[in-house]
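Summary of the model geometry
Listed here are the chains, written in short residue letters.
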Amino acid sequence: MTQQAEASRPHISLQDRLRQLLDGPVALDKRALLGTLYAEVSRYEALAYSAGWNDALATLRRDPRPDEDA
C-alpha cells in the first residue's frame, strides 16, 4: 500500500483493529485468523519503523551540526 493510501486511512489502534478482526461478522478459521493477525501486526510494525526514521530525519534537518562544546 502506498504512503498516500496509508495516510488516507483513519487511524485505529492495533488493539481496536484486532478486536474488530476477532469480533467481526465473518468467522475465520484458525489459519486465516492467524494470517490476518500477522499481516496487521506487520503493517503496524512497518508504519512504526517508518515513523521512527521520519522523526530521525526531521531532527537531522533541523539541527545539521550539533554543538560540539559538550
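Preceding block: the structure.
Residues numbered from 1 in each chain as written. Predicted model: local features only at pLDDT ≥ 70, side-chain atom pairs only at ≥ 80, totals over all residues. Heavy atoms only, no water.

Another point: the overall build of the chain. For the chain, the count of helices and strands is three helices and zero strands. Listing every helix and strand of the chain by position from the N terminus yields α-α-α. Every one of the 70 residues in the chain was classed for burial, and the buried ones make up 7%. Accessible surface, the chain as shown: approximately 6,300 Å² in total, 57% of it carbon and sulfur. (Helix = DSSP H or I, 4+ residues; strand = E, 2+ residues; numbered from the N terminus. Buried < 20%, exposed > 50% of the residue type's maximum accessible area, 1.4 Å probe, protein only. Areas by Shrake-Rupley, 256 points an atom, 1.4 Å probe, with all protein chains shown as cover.)

Considering all chains together, one arrives at three salt bridges under this definition. With a closest N to O distance of 3.3 Å, Glu-40 and Arg-17 form a salt bridge. Of this pair, Glu-40 sits in helix 3 (residues 30-62) while Arg-17 is found in helix 2 (residues 14-23), placing the two residues 23 residues apart along the sequence. Judged by its relative accessible area of 10%, Glu-40 is buried. Residue class for Arg-17 comes out partly exposed when judged on its relative accessible area of 22%. One salt bridge connects Glu-40 with Arg-43, and the closest N-O pair in it is separated by 3.8 Å. Placement of both Glu-40 and Arg-43 in helix 3 is noted, with a separation of three residues, approximately one turn of the helix. (Salt bridge = Lys/Arg side-chain N within 4 Å of Asp/Glu carboxyl O.)

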